[in-house]
Amino acid sequence: QNKSILEIASDLVRLQELGSNNKLGENELSGSTFSLSNIGAIGGTYASPIIPAPTVAIGAIGKIQTLPRFTDDSSVESGVYAAKVMNI
């Protein structure tokens, strides 16, 4: 499709209004080439999303979580200490 920036902006406003009013129909939710999958909303951290045709890509967003990270300085602040397991 060949749309100008103004046409895309107009479509975006229309879709935002429909979504805010829970009035998105099948026509607005199908035929995309890129989709977002928010598995984080249900606590998911990993998924293998299925890409339905004609979609060519999908972005999967997982749960935001704090994970321990190890540093070389054995930071006392974090309470996590790095340990040397193997030297080559």
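Residues numbered from 1 in each chain as written. Predicted model: local features only at pLDDT ≥ 70, side-chain atom pairs only at ≥ 80, totals over all residues. Heavy atoms only, no water.

Can you explain the confidence of the model for the protein chain? Please cite residues and give values.
The pLDDT averaged across the protein chain works out to 76; a share of 72% of its residues lies at or above 70. Looking at the elements of the protein chain, mean pLDDT is at its lowest for strand β1 (residues 34-38), recorded as 79, and at its highest for helix α1 (residues 5-20), recorded as 93. (pLDDT = per-residue confidence, 0-100. Helix = DSSP H or I, 4+ residues; strand = E, 2+ residues; numbered from the N terminus.)

Just give me the short version of α1, but keep the residues and values in it.
Side chains three or four residues apart in an α-helix point the same way, a direct result of the helix having 3.6 residues per turn. For α1, spanning 16 residues, the distance from its first C-alpha to its last is 22 Å, which sits close to the expected 22 Å at 1.5 Å a residue. Of the residues trailing α1, Asn22 is marked for its positive phi of about 55°. (Expected span 1.5 Å × (residues − 1).)

Outline the pattern of salt bridges, listing residues and values.
Taken as a whole and judged by the stated rule, the model has two salt bridges. One salt bridge connects Asp11 with Lys3, and the closest N-O pair in it is separated by 2.2 Å. Here Asp11 falls in the partly exposed class, since its relative accessible area comes to 22%. A relative accessible area of 40% places Lys3 in the partly exposed class. (Salt bridge = Lys/Arg side-chain N within 4 Å of Asp/Glu carboxyl O. Buried < 20%, exposed > 50% of the residue type's maximum accessible area, 1.4 Å probe, protein only.)

Residues and numbers for unusual backbone geometry, please.
Most peptide bonds take the trans form, and the phi angle of most residues other than glycine is negative. Phi at Asn22 is positive, roughly 55°, even though this residue is not glycine. In this structure, Asn22 sits in the loop between α1 and α2 (26-29). Residue Asn22 is classed as exposed on the basis of its relative accessible area of 72%.

Account for the side chain of Thr55, with residues named and values stated.
Of note, Thr55 is situated in the loop between β1 and β2 (57-61). The class for Thr55 is buried, based on a relative accessible area of 11%. Those residues in contact with Thr55 that sit more than four places away from it in its chain are Ser32, Thr33, Phe34 and Ser35. (Contact = heavy atoms within 4.5 Å.)

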